[in-house]
Amino acid sequence: MSAAECQRGKMAALRAGLLTRALTKGKTPAISNIILGTRAASGPSKDTLPGAYPRSPEEMAAAAKKYNMTLEDYKPYPNDGMGYGDYPMLPERSQQERDPWYQWDHPDLRRNWGEPMHWDFDMYIRNRVDTSPSPVEWRTMRNQLLGFVGFMLLMFGLGEMFPCYQPVAPKQYPYSDLYLERGGDPAKEPEPVKNYEI
Amino acid sequence: MATYKEAPLATRPKTLDPAEYFNLSPDYRRAEEKRAALRAQLKRQYLQQLNNPHRKELIEDPALTRWTYARTNNNYFRPTAKTSLIGGLFGVLPLFVLYVVFKTDRDKREAKIKAGTYERPYNLST
């Protein structure tokens, strides 16, 4: 950009600043920031924050440097619009798998300061998902569990559909089916109930 | 060392990885040295800040800031075929499916009650 354009840009910004100051007399400076579109300088600068998917080799190198990774290790997520940007794709390993005896900077998280964090870091902490090896292969465990649960469900379902029990009959009560106990009229003669067959 | 078996329920530590002992190509070594150099620089920065007697504030971790920023600001979400499909499948379809399911179930029950054939499942009296 030439010096004249720089000057014109600065003059335009100055005028915009004066205009906003006139409009927002007495209001908080945040309003003028919103109008001007500026950001406070107290937080991290834009080049240290995650950016868009890197397209050229220079962008890849810059992104690898930003995340404190070597260029060979740095691999961004595929650019299919899921919102990862240039965040690196790290191996899916939980923190439980890391060496328990090394002097980590944060021992409970088993992580060093400045190390690139996995996208799902909060899932891979030691209280949550664990990818360390299991005593039996995962496939065997899953097949055995699903097989057992499926078999039990099948048998219970069949039992519901085809119930099988000892033969029963309705309960037989004495005294003409408990005529007086059930509130029958004592003056009236109940009809005789025969619960047997000879 | 050759007979080392990892502890059960633990991964093999990197220092006992056979590739560290048998794969001695210069490329591998150079890559490992670069990684070690980066790790050492980060460690040095952290320890300088940690052991600084005049430090009063928290040690800010830029990797943590980046992670938080990446997770909370979805600036790079783009509506593509895949994301629209996922959004429709998990956000829009359940609304319609659940409406249909609940409506038909309730209508059937209402018809049964009106006809007098509804059997109350958890009725404790009688």
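Residues numbered from 1 in each chain as written. Chains lettered and ligands numbered in written order. Predicted model: local features only at pLDDT ≥ 70, side-chain atom pairs only at ≥ 80, totals over all residues. Heavy atoms only, no water.

As annotated in an unreviewed UniProt entry, chain B carries the name NADH dehydrogenase [ubiquinone] 1 beta subcomplex subunit 4 and comes from Sinocyclocheilus anshuiensis. According to the UniProt record, the Function (unreviewed entry) comment for chain B is "Accessory subunit of the mitochondrial membrane respiratory chain NADH dehydrogenase (Complex I), that is believed not to be involved in catalysis. Complex I functions in the transfer of electrons from NADH to the respiratory chain. The immediate electron acceptor for the enzyme is believed to be ubiquinone." Taken from UniProt, the Sequence similarities (unreviewed entry) comment for chain B reads in full: "Belongs to the complex I NDUFB4 subunit family." (UniProt positions renumbered as here; feature names shortened; annotations may be inferred.)

Going by what an unreviewed UniProt entry lists, chain A is known as NADH dehydrogenase [ubiquinone] 1 beta subcomplex subunit 8, mitochondrial and is assigned to Sinocyclocheilus anshuiensis. Database annotation for chain A, UniProt heading Subcellular location (unreviewed entry): "Mitochondrion inner membrane". The annotation that UniProt attaches to chain A under Sequence similarities (unreviewed entry) is "Belongs to the complex I NDUFB8 subunit family."

Draft legend 1. Structural detail: the side chain of Arg66(B). Within the fold, Arg66(B) resides in helix 3 (residues 62-72). This buried residue, Arg66(B), is left without a salt bridge; Asp61(B) holds the nearest opposite charge, at 6.2 Å. (Helix = DSSP H or I, 4+ residues; strand = E, 2+ residues; numbered from the N terminus. Buried < 20%, exposed > 50% of the residue type's maximum accessible area, 1.4 Å probe, protein only. Lys, Arg positive; Asp, Glu negative; His and termini not counted. Salt bridge = Lys/Arg side-chain N within 4 Å of Asp/Glu carboxyl O.)

Draft legend 2. Molecular detail of a nonpolar patch on the surface. All names here are of chain A. Taken together, the side chains of Leu145, Phe148, Val149, Phe151, Met152, Leu153, Leu154, Met155, Phe156, Leu158, Met161 and Phe162 present a nonpolar region at the surface, about 1,300 Å² in accessible area. Note on placement: leucine 153 falls in helix 4 (residues 138-161). Classification of leucine 153 as exposed rests on a relative accessible area of 61%. (Patch = residues over 30% accessible without salt bridge, like charges linked within 9 Å, V, L, I, M, F, W, Y side chains within 5 Å. Areas by Shrake-Rupley, 256 points an atom, 1.4 Å probe, with all protein chains shown as cover.)

Draft legend 3. Region of the structure containing the domain arrangement of chain B. We note that the domain assignment places domain 1 (13-72) and domain 2 (79-125) within chain B. The straight-line distance from the C-alpha centre of domain 1 of chain B to that of domain 2 of chain B is 53 Å. (Domains from an automatic or database assignment.)

Draft legend 4. Quick look at the UniProt feature "transmembrane region" (unreviewed entry) in chain B. As recorded in UniProt, the sites labelled "transmembrane region" (unreviewed entry) are residues 84-102 of chain B. With 100% helix and 0% strand, residues 84-102 of chain B has end C-alpha atoms that lie 26 Å from one another.

Draft legend 5. Spatial organisation of the environment of Arg12(B). Residue and element names in this part refer to chain B. Structurally, arginine 12 is set in the segment before helix 1 (18-22). Given the relative accessible area of 31%, arginine 12 is considered partly exposed. When the C-alpha positions of arginine 12 and aspartate 27 are compared, they lie 23 Å apart, and in sequence the two are 15 residues distant. Sequence-distant contacts of arginine 12, defined by excluding residues within four places in its chain, comprise Tyr4, Glu6, Asp17 and Pro18. From its side chain, arginine 12 meets the backbone oxygen of leucine 16 in a polar contact 3.0 Å long. (Contact = heavy atoms within 4.5 Å. Polar contact = N/O pair within 3.5 Å; in protein donor to acceptor, adjacent residues only side chain to side chain.)

Draft legend 6. How the structure looks around the side chain of Glu115(A). Relative to the elements of secondary structure, Glu115(A) occurs in the loop between helix 3 (57-66) and helix 4. Look at Glu115(A) and you get buried, because its relative accessible area is 17%. Discounting chain neighbours no more than four positions away, the residues touching Glu115(A) are Arg98(A), Trp104(A), Leu42(B) and Ala63(B).

Draft legend 7. Summary view of the interface of chain A and chain B. If you look at the interface, chain A gives 41 residues, while chain B gives 31 residues. Taken over both partners, the interface formed by chain A and chain B buries close to 3,200 Å², and the fraction arising from carbon and sulfur atoms is 60%. On inspection of chain A and its partner chain B, the count reaches six salt bridges. The salt bridge involving Asp61(B) is made with Arg111(A); its shortest N-O contact spans 2.9 Å. Our count for the contact surface shared by chain A and chain B stands at 20 residue pairs in polar contact (both at pLDDT 80 or more). (Buried area = accessible area lost by both parts, 1.4 Å probe.)

Draft legend 8. Layout of the pattern of salt bridges. Applying the stated criterion across every chain, the model contains 15 salt bridges over all chains. Note that Asp122(A) and Arg71(B) form a salt bridge whose closest N and O atoms lie 3.3 Å from each other. Placement of Asp122(A) in the loop between helix 3 and helix 4 and of Arg71(B) in helix 3 is noted, with the two residues assigned to different chains. The partner of Lys14(B) in a salt bridge is Glu32(B), and the shortest N-O contact between them spans 3.2 Å. Highlighted residues: Lys14(B) in the segment before helix 1 and Glu32(B) in helix 2 (residues 26-50), separated in sequence by 18 residues. Among the charged side chains, a salt-bridge network with shared partners connects Asp73(A), Lys14(B), Glu32(B) and Arg35(B).

Draft legend 9. Broad picture of the packing of aromatic side chains. Per the counting criterion, the structure on display carries nine aromatic pairs over all chains. For the pair Tyr67(A) and Tyr87(A), a centre-to-centre distance of 5.5 Å together with 70° between the ring planes defines the contact as edge-to-face. With Tyr67(A) in the loop between helix 3 and helix 4 and Tyr87(A) in the loop between helix 3 and helix 4, this residue pair connects regions lying 20 residues apart in the sequence. Side by side, Tyr67(A) and Tyr87(A) carry an identical accessibility label, which is buried. Consider the rings of Trp113(A) and Tyr46(B), whose centres lie 6.1 Å apart with planes at 25°: the pair is stacked. Linking Trp113(A) in the loop between helix 3 and helix 4 with Tyr46(B) in helix 2, this pair reaches from one chain into another. Taken as a pair, Trp113(A) and Tyr46(B) share a single burial class, namely buried. A network of ring pairs unites the aromatic residues Tyr67(A), Tyr74(A), Tyr77(A), Tyr84(A), Tyr87(A) and Trp119(A) as a single cluster. (Phe/Tyr/Trp six-rings, centres within 6.5 Å; stacked < 30°, edge-to-face > 60°.)

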